[in-house]
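# Summary of structural features
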Amino acid sequence: GYLLVVIIIFFLVHIFSVLNFPFQWDTLFIDYLLHTPTLSLLLDEQGAVLSKVIHYFTPSSLYKYTVVYIFICYLLSSVFLYKTLLLSGKLSPEESMMVAVYFSVYPAFTVAYELIMNYYAICYMLFYLALYIFISGMNKAKPWRYILVSGIVFFLSFSLQSLLVFFYAIFSGFILLN
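Quick summary incoming for the structure in this document. (Residues numbered from 1 in each chain as written. Predicted model: local features only at pLDDT ≥ 70, side-chain atom pairs only at ≥ 80, totals over all residues. Heavy atoms only, no water.)

## Observations concerning the overall build of the protein chain
This is how the line gets drawn: Think of it this way: any DSSP run of H or I at least four residues long counts as a helix, any run of E at least two long counts as a strand, and we number them from the N terminus. The rule is simple: take the accessible area with a 1.4 Å probe, protein chains only, and divide by the maximum for that residue type; under 20% is buried, over 50% is exposed, in between is partly exposed. We call two residues contacting when some pair of their heavy atoms lies within 4.5 Å.
For the protein chain, the count of helices and strands is 10 helices and zero strands. Along the chain direction, N to C, the helices and strands of the protein chain fall in the order α-α-α-α-α-α-α-α-α-α. Counting only residues that meet the buried cut, the protein chain has 40% of its 178 residues in that class. Across the protein chain, every contact between residues at least 6 apart in sequence was considered, and the portion connecting residues at least 24 apart equals 75%.

## As for the packing of helix α8 (residues 117-137) against helix α9 (residues 143-157)
Worth spelling out the cut-off: As a rule, the C-alpha atoms of each element are fitted with a line to give its axis, helices using only the stretch in contact, and angles between N-to-C directions run from 0 to 180 degrees. When describing relative orientation, an angle under 35 degrees is termed roughly parallel and one over 145 degrees roughly antiparallel, while 65 to 115 degrees is termed roughly perpendicular and anything else oblique. In this scheme, a crossing is called left-handed if the near helix is turned counterclockwise away from the far one by less than a right angle; it is called right-handed if the turn is clockwise.
Close contact between α8 and α9 brings their axes to 8 Å; oriented N to C, the two are set at 165°. Considered as vectors, α8 and α9 are oriented roughly antiparallel to each other. When the axes of α8 and α9 are compared, the crossing they make is left-handed. Of the residues in α9, those in contact with Cys-123, Leu-126, Phe-127, Leu-129, Ala-130, Leu-131, Ile-133, Phe-134, Ser-136 and Gly-137 of α8 are Pro-143, Tyr-146, Ile-147, Val-149, Ser-150, Val-153, Phe-154, Leu-156 and Ser-157.

## Some remarks on the packing of aromatic side chains
Threshold: Stacked, edge-to-face and tilted are the three classes for Phe, Tyr and Trp ring pairs, Trp counted by its six-membered ring, which pair at centre distances within 6.5 Å; planes under 30 degrees apart are stacked, over 60 edge-to-face, the rest tilted.
Enumeration over the complete set of coordinates arrives at nine aromatic pairs. Put simply, the rings of Tyr-74, Phe-103, Tyr-124, Phe-127, Tyr-128 and Phe-154 pair up and form one aromatic cluster.

## Observations concerning the packing of helix α5 (residues 66-88) against helix α6 (residues 93-104)
Rules: Amino acids are sorted into nonpolar (Ala, Val, Leu, Ile, Met, Phe, Trp, Tyr, Cys and Pro), charged (Asp, Glu, Lys and Arg) and polar (every other residue, Gly among them).
Contact pair α5 / α6: the axes reach a minimum separation of 9 Å and the direction vectors enclose 155°. Taken as axis vectors, α5 and α6 run roughly antiparallel relative to one another. Between α5 and α6 lies a crossing of right-handed hand. Contacts between α5 and α6 involve Ser-77, Ser-78, Leu-81, Tyr-82, Leu-85 and Leu-86 from the first element and Pro-93, Ser-96, Met-97, Val-99, Ala-100, Phe-103 and Ser-104 from the second. Tallied by class, the residues present in the contact of α5 with α6 amount to nine nonpolar, four polar and no charged.

## Points about the environment of Ser-150
Within the secondary structure, Ser-150 sits in helix α9. On the basis of relative accessible area, Ser-150 is assigned to the buried category, the value being 1%. In the structure, Ser-150 is positioned 17 residues away from Ile-133 in sequence and 5.6 Å away in space, judged by C-alpha atoms. Once residues lying within four places of it in the same chain are set aside, the contact partners of Ser-150 are Ala-130, Ile-133 and Phe-134.

## Some details on the side chain of Ser-88
The cut-off we apply is this: Identification of polar contacts relies on pairs of N or O atoms within 3.5 Å, with a donor-acceptor requirement for protein atoms, meaning one able to donate a hydrogen and the other able to accept it, and with residues adjacent in sequence counted only if both atoms are side-chain atoms.
When you line up the elements, Ser-88 lands in helix α5. For Ser-88, a relative accessible area of 15% puts it in the buried group. In this structure the side chain of Ser-88 is engaged in a polar contact, spanning 2.8 Å, whose partner is the backbone oxygen of Leu-85.

## Points about a nonpolar patch on the surface
Note the following rule: Any residue with relative accessible area above 30% and no salt bridge may belong to a patch, with like charges joined within 9 Å and the nonpolar Val, Leu, Ile, Met, Phe, Trp and Tyr side chains within 5 Å. Surface accessibility in these figures is a Shrake-Rupley result with a 1.4 Å probe; residues are shielded only by whichever protein chains are displayed. Salt bridge, as used here: a side-chain nitrogen of Lys or Arg that lies within 4 Å of a carboxyl oxygen of Asp or Glu.
Together, Trp-144, Leu-148, Ile-152, Phe-155 and Leu-156 make up an exposed nonpolar region whose accessible area comes to about 580 Å². Looking at the secondary structure, you find Leu-156 in helix α9.

## Notes on the environment of Leu-129
Relative to the elements of secondary structure, Leu-129 occurs in helix α8. Residue Leu-129 is classed as partly exposed on the basis of its relative accessible area, which comes to 21%. Here the alpha-carbon distance between Leu-129 and Ser-150, two residues 21 residues apart in the chain, equals 7.9 Å. Contact partners of Leu-129, with chain neighbours within four places excluded, come to Phe-80 and Val-153.

## Here we look at the nonpolar core
Put simply, the rule reads: Here, the term nonpolar core denotes a set of buried Ala, Val, Leu, Ile, Met, Phe, Trp, Tyr and Cys residues that are joined through side-chain atoms within 4.5 Å.
In terms of nonpolar packing, the biggest core is built from 31 residues, with Tyr-74, Ile-122, Phe-127, Tyr-128, Leu-131 and Phe-154 touching the most fellow members. Mapped onto this core, the elements with two or more residues apiece are α1 (2-20), α5, α8 and α9. With 15 residues, α8 is the largest single contributor of residues to this core. Non-local contacts of Ile-122, meaning those with residues more than four positions away in its chain, are made with Tyr-69 and Cys-73. Val-6, Tyr-82, Ala-100 and Val-101 belong to the second largest nonpolar core, which has five residues in total.

See the structure below:
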């Protein structure tokens, strides 16, 4: 019930950015099509090592689907946040839904449908996936398996250094609540 509400609201808010994408020219998309070493230099400056590998092996014809890829990553982030809040037991289902809805309609997401944002989106989604795995494993018979898997996924999400401070604040907040 509540998860469906979160997904529907996410779709209503973000579908216009997805549908409008063909009419926007992303400067990095143009740089990639015209001059691949420029994009490589930009990714080096960002410290986006994994993103550089992804860009290297992805054919340029797939970059027109970047907006869909980012959309799915942000949607999954909202779903993982809702499930994590629900599993933590600190919030009621209604409160968890309201936090996830607010998270879903955050205005910064609506302007983030550019080629360079796909790496941020995947790291963001991986962080919330790891948090969900970590919290869901706390009530299991052998939590060390979940902690190990969540640690690996956390490590992958930390490959983007600019999000580390943000991730640390959220993770430490969940640790303090438990």
